[in-house]
Amino acid sequence: MNNRDSSPSDLLVIFGITGDLARKMTFRALYRLERRNALDCPILGVAGRDITLEALIARARDAISESGESIDDAVFDRLAGRLSYLHGDVTGSALYASLAERIGTDRNPLFYLEMPPSLFAPIVENLGRAGLLERSRVALEKPFGHDLASARELNAQLHVVLREDQILRVDHFLGKQPVVELEYLRFANLAIAELWNRRSVSELHITMAEDFGVEDRGKFYDAVGALRDVVQNHLLQVLALVAMEPPVGPGDDDINDKKAEVFRAMPALDPAHYVRGQYRGYTDIPGVSKGSRTETFVALRMEIENWRWAGVPIFLRAGKALPEKVTEVRLFLRRTPALAFMPNRGAVEPNQIVLRIDPDPGMRLQLAALDTRGGARWRDVHLDSSLAQDLGEPIRPYERLLQGGLIGDRRLFAREDSIEETWRIVQPLLDSPGEIHPYEPGSWGPEAAHSLLRGHRSWQQPWLPGAGHVRD
Ligand code: BG6
């Protein structure tokens, strides 16, 4: 049993329902929840545009079919039947008076803010003033702050009117199936659990590669850069789940406590082990300032100074316009003793364990086998699993987060301390970003990213979906 004592939300209020995120993600997630009968509350959309409910329903339908779902009319009609709409200025008090009138006093709403972060505090303050927060939860989209000081300030502003257990800080990576599974894969399997520490692991690499550029998000991205966009949030959250100790119970804080311990054991990052890159052509993108020095690629080294991980270097790289779209965590195991019966002992590759997060989540164990055809040659063999093949089609991240948000499952959201710790960890790199290295689109980033690993395992070709089991 979880220690959650608050009731499920009986109303979902989405601020920004006419925005981009709703079009790309939210409507689809709601539709999928409706299809598996996992929705049972009305949905009130709030936004600035003066459109009719019919127009909103038409937008929802278009958004769902554009996202690739084939629409079952009966399911869609059920979803449409839940929708209502309120338009107004989210910074003025009139909207909140109408909202209070619509909602009444006997509801437990979930307010989901799909809004620019500068509006988070004003909206929450207005909700508080209108008396709408007592029995509510509030979910906030990323980004949460743009550095340590702003994240602290936003947390402080929220805490004036909300308790921590009412705040759900969204990080959609926490809704990805293999990220959720990590806790169980790691601690339900002795074969993995016994290897998962500094005695067996020599180093750890995380790669998040995207094979597309910044495209139409120039203005947003140029003010942010890769470190803030995906490292401070997504990849550090993943790392915490990779590295944490087993939670002591099923409660929301049990897992968040263990993640927080990982962050607290991580020294702030050292600019001397930080490489930034920018792909050629980036500054021609509309919205990007000429001469911009924003990074579209980062590679860095970090450490976790605790009993399990001390001395295991962790290398992380993330970038746009790289050759593949793939996110993986790779653990390199130590060498076995080279005993005399083994031919060509030096050529035995140490084992690797790969958790692929995207696409086609799965796990790979890379072993060394001796190929005795025509002499003796060590070869890699792979034990691969695909979570989709073994477990069926996964719940999508936003579907999981919306469902979790409605019941207040805070295991799926970032707690205050993890947000502030992760900003503390990256802050020195924001303060001293250092030089920016150009790289060709379609390459694996600047040469300096390779030099960062000197003396360690080099960056590996990620495990790609459909890649064969045996390589020459
Ligand atoms: C977002 C970033 O948070 O995550 C994007 O702003 C990035 O730049 C995206 O592309 C990646 O998410 P996913 O789910 O496609 O891996």
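These lines cover the structure that appears in this document, whether it is placed above or below. (Residues numbered from 1 in each chain as written. Predicted model: local features only at pLDDT ≥ 70, side-chain atom pairs only at ≥ 80, totals over all residues. Heavy atoms only, no water.)

### Focus: the site of the ligand
So, step 1. Neighbouring residues of the ligand: K142, H172, F173, K176, M208, E210, R217, D229, H234, K320, K325 and D358.
So, step 2. Contact between the ligand and D229: an oxygen atom at 2.6 Å from a side-chain N or O atom of the residue.
So, step 3. One of the side-chain nitrogen or oxygen atoms of K320 is found 2.7 Å away from an oxygen atom of the ligand.
So, step 4. For the ligand, whose unbound accessible area comes to 400 Å², protein coverage reaches 80%.
So, step 5. Here the shell around the ligand is built from residues that sort into two nonpolar, two polar and eight charged. (Near = heavy atom within 4 Å. Polar contact = N/O pair within 3.5 Å; in protein donor to acceptor, adjacent residues only side chain to side chain. Areas by Shrake-Rupley, 256 points an atom, 1.4 Å probe, with all protein chains shown as cover. Nonpolar A, V, L, I, M, F, W, Y, C, P; charged D, E, K, R; others polar.)

### A look at the pattern of salt bridges
So, step 1. Under the defined criterion, the tally for this structure stands at 36 salt bridges.
So, step 2. In this structure, the salt-bridge partner of E34 is R82, at a minimum N-O distance of 2.6 Å. With E34 in helix 1 (residues 20–35) and R82 in helix 3 (residues 73–82), the pair connects residues that are 48 residues apart, well separated along the chain.
So, step 3. Here E34 falls in the buried class, since its relative accessible area comes to 1%.
So, step 4. Salt-bridge contacts for R373 lead to D371; the nearest nitrogen and oxygen are separated by 2.7 Å. (Salt bridge = Lys/Arg side-chain N within 4 Å of Asp/Glu carboxyl O. Helix = DSSP H or I, 4+ residues; strand = E, 2+ residues; numbered from the N terminus. Buried < 20%, exposed > 50% of the residue type's maximum accessible area, 1.4 Å probe, protein only.)

### Observations regarding unusual backbone geometry
So, step 1. Of note, the bond from K142 into P143 is cis; its omega dihedral lies within 30 degrees of zero at -5°.
So, step 2. Examined against the element boundaries, P143 turns out to sit in the loop between strand 5 (137–140) and helix 6 (148–161).
So, step 3. The omega torsion of the bond from D358 to P359 falls at -25°, within 30 degrees of zero and hence cis.
So, step 4. You can see P359 is positioned in the loop between strand 12 (352–358) and strand 13 (362–371).
So, step 5. In this model, N344 sits at a positive phi of 45°, which is unusual for a non-glycine residue.
So, step 6. Looking at the secondary structure, you find N344 in the loop between strand 11 (326–333) and strand 12.

### Points about the sheet that holds strand 2 (residues 43–47)
So, step 1. Taking strand neighbours across the sheet as the criterion, the six strands line up as 3-2-1-4-5-6 in an open arrangement whose pairing is parallel. Looking at strand neighbours, the two that pair on one side only are strand 3 (83–87) and strand 6 (167–169), the edges of this open sheet. Along the sheet, successive strands turn relative to each other by an average axial angle of 20°, direction set aside.
So, step 2. As defined by bridge partners, strand 4 (residues 109–113) adjoins strand 5 across four bridges and the pair is classed as parallel. (Pairing = 2+ DSSP bridges. Axes fitted to C-alpha atoms, helices over the stretch in contact; angles between N-to-C directions.)

### As for the sheet that holds strand 15 (residues 436–439)
So, step 1. The nine strands are arranged 14-13-12-11-7-10-9-8-15 in an open sheet whose pairing can be described as mixed. Strand pairing shows two members of the sheet lacking a second neighbour, strand 14 (377–386) and strand 15, which therefore form its edges. Sheet twist, expressed as the average angle between the axes of neighbouring strands with direction ignored, equals 20°.
So, step 2. On the sheet, helix 10 (residues 225–243) packs against strand 7 (201–209), strand 8 (274–279), strand 9 (297–302), strand 10 (314–319), strand 11 and strand 12 and is oriented at approximately 40° with respect to strand 9. (Contact = heavy atoms within 4.5 Å.)

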